[in-house]
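Commentary on secondary and tertiary structure
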Amino acid sequence: MTTTDGHVVVDHLSKRFGAVLAVDDLSFEVRPGRVTGFLGPNGAGKTTTLRMLLGLVSPTSGTATVSGRRYTDIPRPAHVVGAALEAASFHPGRSARDHLRVLAPQVGVPDSRCDEVLALVGLTDAADRRVGGFSLGMRQRLGLATTLLGDPRVLVLDEPANGLDPEGIAWLRAFLRHLAAEGRTVLVSSHVLSEVQQTVDDVVIIARGRLVHASSLAELARLARRTVRVASPDQDGLRRLVERVAGGSTPGAAVSLPEPGVAVLEGVEAAAVGAAAFAAGVELHELASRDVGLEDLFLQLTGERAASGAPPEPDGPGTRPVADAATERGAA
Amino acid sequence: MIPALRAEYRKLVTTRLWWVLLLCMALYMAFLGGVMAFVLTQEGGGGAMTGGFGGGADEMPPLPPEDLVRTVYTLAPALGYVFPVIVGALAVTNEFRHMTITPTLLAEPRRSLVLGAKLVASLPLGALFGVVGTLATVATGALVLAVRGEPVLLDDPDVLLTLARSVLVLAVWAMVGVGFGAAMPNQVAAIVVLLAFTQFVEPLLRLFLGAFEPTEGIVRWLPGAAGEAVTGASFYASSGIGNLLPWWQGLLALVGYGLLLAALGRATSLRRDIS
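Reading the values: rules and limits
Residues numbered from 1 in each chain as written. Chains lettered and ligands numbered in written order. Predicted model: local features only at pLDDT ≥ 70, side-chain atom pairs only at ≥ 80, totals over all residues. Heavy atoms only, no water. Helix = DSSP H or I, 4+ residues; strand = E, 2+ residues; numbered from the N terminus. Buried < 20%, exposed > 50% of the residue type's maximum accessible area, 1.4 Å probe, protein only. Contact = heavy atoms within 4.5 Å. Areas by Shrake-Rupley, 256 points an atom, 1.4 Å probe, with all protein chains shown as cover. Pairing = 2+ DSSP bridges. Axes fitted to C-alpha atoms, helices over the stretch in contact; angles between N-to-C directions. Polar contact = N/O pair within 3.5 Å; in protein donor to acceptor, adjacent residues only side chain to side chain. Parallel < 35°, antiparallel > 145°, perpendicular 65-115°, else oblique. Left-handed = near helix turned anticlockwise from the far one by under 90°. Nonpolar A, V, L, I, M, F, W, Y, C, P; charged D, E, K, R; others polar. Core = buried A, V, L, I, M, F, W, Y, C linked by side-chain atoms within 4.5 Å. pLDDT = per-residue confidence, 0-100. Buried area = accessible area lost by both parts, 1.4 Å probe. Salt bridge = Lys/Arg side-chain N within 4 Å of Asp/Glu carboxyl O.

**As for the overall build of chain A**
- When you go through chain A residue by residue, the secondary structure sums to 11 helices and 13 strands.
- Counting across all 332 residues of chain A, residues that qualify as buried make up 52%.
- Here the analysis covers contacts within chain A between residues at least 6 apart in sequence; of these, 69% occur between residues at least 24 apart.
- Split by element, the accessible area of chain A, about 13,800 Å² in all, is 50% carbon and sulfur.

Structure, rendered in structure tokens:
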């Protein structure tokens, strides 16, 4: 086993379609044993990136590798990478089992494997039905079954939760967690963070073909904490207030000063800030609590929603990791 | 290559369209075989076909028995070849229409191998169309000939050889269809163009180009004419329109069309991004 085994590495990948730069110098890495969410709004370049990873679309520049090799260089690639790209790539006249039997010879597995994977995704009873009559959720399950044919180490799923009912999403979540727990690499794309929020360990967020954020979900969640914005005409008073709040009374609080006379405090309640201001005798003109959820943060990161002055803000103070805010706290 | 061929075989037998087309071909050829056997054995029938094109019916002697049976028995490669062509083309266009090309290329990213497997796999399928189409033609054709008191010549080795070549050329037509489908993967466009070319454009080209001496030589190399050359008999040729190539040249020409179209498809639709 090499160090790259099971790793997906996207390295300075770009794709130009005519005048449109669909993927722009994108780099990220996906690790085994974890579920990674590949997130971005529709049209951000997710599918194009995945198709380049799978040798279906040729990159304009850069490389994408699985276990250190390009997809097209892997002999019998379905044993290394299982991929499901869209729920529509089935011949409507074929049964679910026949769809798998068509692929089995080239994947390099016996026909009995087809029934095994159908059982894994809960489609045994529908094995002989034509795919044309399948619901979107059943097609997603069949796509997932297809990826498992070769028992691959790496799974690449494009929008697998699309069209699933809540029950189906819960099932998918448990299934993907299970696959990752077996040590597999699971890369799942979605345009809705909340859809995969409870499934993924890591997130790779892109917008307009570019990487905007890559971290563990926990780190992303830390950016999405509640913030309290206070404004005061009394600059010195504001500093005293910030020191009082940040220094001791509420450990873990982070502070940023986006503009003169304004402070944004994270990890504290508005009531605590108000009480501290009263105790310190600081005149406040604004005391506002803002709950930045993960989804809001995601939309701000991807530019779907304009940042509203409060953090987090792309490239602004808000998206600075907590350590930066702590430095500011020291300065303050 | 063996796994790729098995995959192609399974792709085919797990859909229904191929046997619907096979049934259509059998019925169509049975109908044509009977009708043409009847028409050509009419008084002065040999010339009736040429009446519109060349000289008057009265000037044409009736077809000798060998030519008569050959014209009737080779109606499948002369007029029915569009069925194996379409089945071959569908083997490629279906993949693009239903986007099964994505899982196909995920399982086997070597695109030349995928196309090569489709070309090879089309030959036995085309041969099946050849056997069924030829037998259907001969069944009704020979029956009508016998009823009309003409020799059916089914024990003649030359006639049997012609029938074997009829099967052979129909098999090759399926391969040409695969090449065409690769070059024109849009299913609707491919079927429209195939029908228009085989049923309308080429017959017209053969008629008009064949009428002038400088262009007469080109006609023999048109795909339909090359296909007819393989059986050595031609519905068109016996109608007085143009001559045919030697059979082996016709076969090579047809195989050449198939490979040329496949190479074109490999360089275009199968080189492009699949998205």
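**Some remarks on the sheet that holds strand β5 (residues 81–84) of chain A**
Residue and element names in this part refer to chain A.
- Pairing is mixed in the open sheet, where 6 strands are placed in the order β5-β6-β7-β3-β8-β9. What marks the edges here is a single partner per strand, and that holds for β5 and β9 (210–216). Within the sheet, the average angular offset between the axes of one strand and its neighbour, ignoring direction, is 15°.
- As paired strands, strand β3 (residues 35–39) and strand β7 (residues 185–190) are joined by 5 bridges and run parallel to one another. Bridge pairing links Val35 to Val186 in β7.
- Sheet strands in contact with helix α5 (residues 166–181) are β3, β6 (154–158) and β7, and its direction is about 150° off that of β7.

**Concerning the environment of Leu251 of chain B**
All names here are of chain B.
- With respect to the element layout, Leu251 can be found in helix α14 (residues 247–267).
- Between the alpha carbons of Leu251 and Thr162 there is a distance of 13 Å; along the sequence they are 89 residues apart.
- Excluding residues that lie within four positions of it along the chain, Leu251 makes contacts with Leu168, Val172, Ala226 and Val230.

**Quick notes on the side chain of Thr93 of chain B**
Residues and elements named next belong to chain B.
- Here Thr93 lies in helix α6 (residues 82–97).
- We classify Thr93 as buried; its relative accessible area is 1%.
- Only 2.9 Å separates the side chain of Thr93 from the side chain of Gln187, close enough to count as a polar contact.
- Once residues within four sequence positions are removed from consideration, Thr93 is found in contact with Gly181, Met184, Pro185, Asn186, Gln187 and Ala190.

**Remarks on the packing of helix α3 (residues 112–120) of chain A against helix α4 (residues 136–148) of chain A**
Residue and element names in this part refer to chain A.
- At their nearest, the axes of α3 and α4 sit 9 Å apart, and the two run at 135° to each other. The pairing of α3 with α4 is recorded here as oblique in orientation. You can see that α3 and α4 cross each other, and the crossing is right-handed. Contact with α3, carried on its side by Arg113, Val117, Leu118 and Leu120, involves Leu142, Ala145 and Leu148 of α4 and no other residues of that element.
- Looking at the contact of α3 with α4 residue by residue, the class counts come to 6 nonpolar, no polar and 1 charged.

**Some points on the nonpolar core**
Residue and element names in this part refer to chain A.
- In terms of nonpolar packing, the biggest core is built from 54 residues, with Leu142 and Leu220 touching the most fellow members.
- A per-element tally of this core places α5 first, with 6 residues.
- Sequence-distant contacts of Leu142, defined by excluding residues within four places in its chain, comprise Phe90, Ala96, His99, Leu100, Leu118, Leu123, Val131 and Phe134.

**Some points on the confidence of the model for chain B**
Residues and elements named next belong to chain B.
- Confidence along chain B averages 88 in pLDDT terms, with 89% of residues attaining 70 or more.
- A low-confidence stretch, residues 45–59 (pLDDT under 50), is modelled with 19 contacts involving residues beyond four sequence positions or located in other chains.
- Under the prediction, the complex receives an ipTM of 0.85, its pTM being 0.82.

**Details of the interface of chain A and chain B**
- Between chain A and chain B, the residue contacts involve 32 residues of the former and 26 residues of the latter.
- Interface area, chain A with chain B, both sides summed: about 2,500 Å², of which 58% is carbon and sulfur.
- Here Arg10 of chain B makes a salt bridge to Asp111 of chain A, at a shortest N to O gap of 2.7 Å.
- Counting the contacts that link chain A with chain B gives 12 residue pairs in polar contact (both at pLDDT 80 or more).
- Within the residue set of the side of chain A that touches chain B, elements represented by two or more residues are β1 (8–17) and α2 (96–107) of chain A.

**Things to note about the side chain of Asp24 of chain A**
Residue and element names in this part refer to chain A.
- Its place among the elements puts Asp24 in strand β2 (residues 20–30).
- Here Asp24 falls in the buried class, since its relative accessible area comes to 18%.
- Leave out the neighbours within four places in its chain, and Asp24 touches Leu13, Ser14, Gly209 and Arg210.

**Let's talk about the packing of helix α4 (residues 65–73) of chain B against helix α8 (residues 111–147) of chain B**
Residue and element names in this part refer to chain B.
- With their axes 9 Å apart at the nearest point, α4 and α8 run at an angle of 140° to one another. One finds that α4 runs oblique with respect to α8. Of the residues in α8, those touching α4 at Leu68, Val69, Val72 and Tyr73 are Thr134, Thr137, Val138, Gly141, Ala142 and Leu145.
- For the contact of α4 with α8, the per-class residue count stands at 7 nonpolar, 3 polar and no charged.

**Considerations on the sheet that holds strand β4 (residues 61–66) of chain A**
All names here are of chain A.
- The sheet built from 3 strands is open, its strands ordered β2-β1-β4 with antiparallel pairing. Unpaired on one side and paired on the other, β2 and β4 mark the two borders of the sheet. Here the average twist between neighbouring strands, direction ignored, is 20°.
- Where β1 and β4 come together, 5 bridges link them in antiparallel fashion. Residue pairing across strands places Val8 opposite Val66, the latter belonging to β4.

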